[in-house]
Amino acid sequence: MASHGVRGRSGGRPTLEEVAARAGVGRGTVSRVINGSPRVSDATRAAVQAAVAELGYVPNTAARALAANRTDAIALVVPEPETRFFAEPYFSDMLRGVGAELADTQMQLLLIFAGNDRERRRLAEYLAAHRVDGVLLVSVHADDPLPELLSQLEIPAVVSGPRSATETLTSVDSDNYGGARAAVEHLLGRGRTRVAHITGRLDVYGARRRVDGYRDALRAAGHEVDELLIESGDFTEEGGRKAMSALLSRRPDLDAVFAGSDVTAAGARQVLRESGLRIPDDVALVGYDDSAIARHMDPPLTSVRQPIDNMGRAMIDLLLTEISDRRPVGPGRGERRHAVLPTELVVRASS
């Protein structure tokens with residue numbers, strides 16, 4: 001039986017070079033389009049896709065990956081215990097955004113937990129074998145060794161939330177400082193004068209920026225910062241309960257609480273109610289993340305909305321660009337790129 005497959009000029013299957021010639025672009029541009037890089041204009045992408053369709057070009061994924069030393073896989077690394085990943089909506093929202101942005105590419109996504117020393121050692125061995133083309137790091141703490149390991153291995157990486165103001169990896173974050181200021185300004189605008197803050201883990205840069213926003217909002221309104229109204233938390237519900245109990249023991253006259261996350265606010269709410277305090281009549285309550293927890297709480301929780309889904313998408317865009325360009329970003333290897341997405345205060349009945 002005669003074959004009806006499209007043949008290139010060489011008589012074999014159409015090649016990448018023939019697609020580039022038909023589209024009027026370079027070979028590298030065709031490769032970027034095929035690999036789903038965002039650094040291609042819509043017009044160029046359409047021209048390449050038309051050439052691919054006309055010639056019947058089918059990428060040889062295995063051969064391409066082998067020739068380019070590629071695996072066509074990305075790791076989403078979470079240096080936290082699995083229990084926290086599944087308990088906090090932040091992570092599932094981030095995963096949804098990442099997955100949605102990868103859907104139209106040929107990349108596979110691997111979810112890897114590295115919440116203890118054993119898992120970290122295993123991850124280090126896995127990464128040293130270069131079994132992934134790039135890494136997304138979520139929930140990184142200040143002393144985490146993983147970013148340095150990625151830099152040493154020259155693996156493209158993007159971190160969700162920088163570790164400090166001098167982050168050496170490409171990062172995507174939300175405006176933690178502005179979000180916290182908006183929350184506190186809202187509470188002050190409602191006539192609250194003794195606003196407490198339950199922080200997140202202070203080895204997380206974003207949590208420290210929220211503390212900065214809390215302090216500056218108070219000062220800007222002419223209020224002194226009362227250190228007795230600040231209690232460390234850890235973004236968890238149990239942490240919210242413990243912190244709220246500590247705050248009430250020190251300052252039982254507080255009239256508002258800004259919590260470091262919606263999950264933390266849920267724990268604080270339990271203690272407030274057990275103490276006979278009404279929300280918002282006696283104590284106004286504001287959370288952070290605007291997760292489903294906020295919408296379903298009684299009363300519904302005022303919360304700072306992070307564009308977590310869009311943060312995941314932005315992380316993929318930046319990582320695919322680095323992978324496509326074969327240019328990891330880090331100390332001495334390229335320009336650092338930092339995206340900061342805006343937050344929004346969503347006002348509900350709790351405040």
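Parameters and conventions
Residues numbered from 1 in each chain as written. Predicted model: local features only at pLDDT ≥ 70, side-chain atom pairs only at ≥ 80, totals over all residues. Heavy atoms only, no water. Helix = DSSP H or I, 4+ residues; strand = E, 2+ residues; numbered from the N terminus. Buried < 20%, exposed > 50% of the residue type's maximum accessible area, 1.4 Å probe, protein only. Contact = heavy atoms within 4.5 Å. Expected span 1.5 Å × (residues − 1). Core = buried A, V, L, I, M, F, W, Y, C linked by side-chain atoms within 4.5 Å. Arc of directions from axis to C-beta. Phe/Tyr/Trp six-rings, centres within 6.5 Å; stacked < 30°, edge-to-face > 60°. Lys NZ or Arg CZ within 6 Å of the ring centre and 35° of its normal. Polar contact = N/O pair within 3.5 Å; in protein donor to acceptor, adjacent residues only side chain to side chain. Domains from an automatic or database assignment. Pairing = 2+ DSSP bridges. Axes fitted to C-alpha atoms, helices over the stretch in contact; angles between N-to-C directions.

### Some words on the overall build of the protein chain
Then comes step 1: When you go through the protein chain residue by residue, the secondary structure sums to 14 helices and 12 strands.
Then comes step 2: Principal axes of the C-alpha set define a box for the protein chain whose edges measure 85 × 40 × 40 Å.
Then comes step 3: Per-residue burial over the protein chain gives 52% buried out of 351 residues.
Then comes step 4: Intrachain contacts of the protein chain at a sequence separation of at least 6 include 72% that bridge at least 24 residues.

### Thoughts on helix α10 (residues 205–220)
Residues spaced three or four apart along an α-helix point in a common direction, a consequence of the helix completing one turn every 3.6 residues.
Then comes step 1: Here α10 contains 16 residues, and its C-alpha end-to-end distance of 22 Å stays within 8% of the 22 Å for a straight helix at 1.5 Å per residue.
Then comes step 2: Of the residues making up α10, those classed as buried are Tyr 205, Gly 206, Ala 207, Arg 210, Val 211, Gly 213, Tyr 214, Arg 215, Ala 217 and Leu 218.
Then comes step 3: Note on α10: the residue one or two positions beyond its end, Gly 222, has a positive phi of about 85°.

### Topic: the nonpolar core
Nonpolar side chains tend toward joint burial in soluble globular proteins.
Then comes step 1: Membership of the largest hydrophobic core comes to 38 residues, with the highest contact counts inside it found for Met 244, Leu 254, Val 257 and Phe 258.
Then comes step 2: Secondary-structure elements contributing two or more residues to this core are α9 (176–189), β6 (195–198), α10, α11 (237–250), β8 (256–259), α12 (262–274) and β9 (284–289).
Then comes step 3: Sequence-distant contacts of Phe 258, that is, excluding residues within four places in its chain, are made with Ala 180, Ala 183, Val 184, Leu 187, Ala 196, His 197, Ile 198, Val 286, Gly 287 and Tyr 288.
Then comes step 4: Ranked by size, the runner-up nonpolar core spans 25 residues in total, among them Phe 85, Phe 113, Met 315 and Leu 319.

### Thoughts on unusual backbone geometry
Then comes step 1: The peptide bond linking Ile 279 to Pro 280 adopts the cis configuration, its omega dihedral lying at 5°.
Then comes step 2: Along the chain, Pro 280 turns up in the loop between α12 and β9.
Then comes step 3: Note that the residue after Asp 298, namely Pro 299, is joined by a cis bond; omega there is 0°.
Then comes step 4: Mapped onto the elements of the fold, Pro 299 is located in the loop between α13 (292–296) and β10 (302–305).

### With respect to helix α2 (residues 27–34)
Then comes step 1: Every buried residue belonging to α2 is among Val 30, Val 33 and Ile 34, and all of these are buried. Taken around the axis of α2, the buried residues stretch over an arc of 95°, which confines them to a single face.
Then comes step 2: A positive backbone phi angle near 80° is found at Gly 36, which sits one or two residues after α2.

### Structural notes on the packing of aromatic side chains
Then comes step 1: One pass over the structure, following the stated rule, counts six aromatic pairs.
Then comes step 2: Ring geometry for Phe 86 versus Phe 113: centroids 6.1 Å apart, planes at 45°, classification tilted. Taken together, the positions of Phe 86 in helix α5 (residues 82–87) and Phe 113 in strand β2 (residues 108–113) put the pair 27 residues apart, joining distant regions of the chain.
Then comes step 3: Centroid distance Tyr 90 to Phe 91: 5.5 Å. Interplanar angle 90°. Geometry classified as edge-to-face. A single burial state applies to Tyr 90 and to Phe 91, both of which are buried.
Then comes step 4: Following the ring pairs from residue to residue traces out a cluster consisting of Phe 85, Phe 86, Tyr 90, Phe 91 and Phe 113.
Then comes step 5: Over the ring of Tyr 288 we find Arg 210; its NZ or CZ atom is 3.6 Å from the centre of that ring.

### A look at the side chain of Glu 88
Then comes step 1: Of note, Glu 88 is situated in the loop between α5 and α6 (89–102).
Then comes step 2: A distance of 2.6 Å separates a polar atom in the side chain of Glu 88 from a polar atom in the side chain of Arg 84.
Then comes step 3: Each residue touching Glu 88, except ones within four places of it in the same chain, is listed here: Phe 235, Thr 236 and Val 263.

### Let's talk about the domain arrangement of the protein chain
Then comes step 1: Its domain assignment divides the protein chain into domain 1 (16–68), domain 2 (73–173 + 310–326) and domain 3 (176–305).
Then comes step 2: Measuring from the centre of the C-alpha atoms in domain 1 to the corresponding centre in domain 2 gives 27 Å.

### Remarks on the sheet that holds β10
Then comes step 1: Pairing is mixed across the open sheet formed by six strands, whose spatial order is β7-β6-β8-β9-β10-β12. Edge positions in the open sheet fall to β7 (230–231) and β12 (344–346), since each of these has one partner strand only.
Then comes step 2: In this structure, β6 lies alongside β7, joined through two bridges in parallel fashion. The partner of Ile 198 across the bridge, within β7, is Glu 231.
Then comes step 3: Packed on one face of the sheet, α12 meets β6, β8, β9 and β10 and runs near 155° to β9.

### Overview of the environment of Leu 254
Then comes step 1: By the secondary structure assignment, Leu 254 is in the loop between α11 and β8.
Then comes step 2: Separated by 48 residues in sequence, Leu 254 and Thr 302 place their C-alpha atoms 18 Å apart.
Then comes step 3: With residues up to four places along the chain from it excluded, the contact list for Leu 254 reads Arg 194, Ala 196, Leu 229, Met 244, Leu 247, Leu 248, Asp 282 and Val 283.

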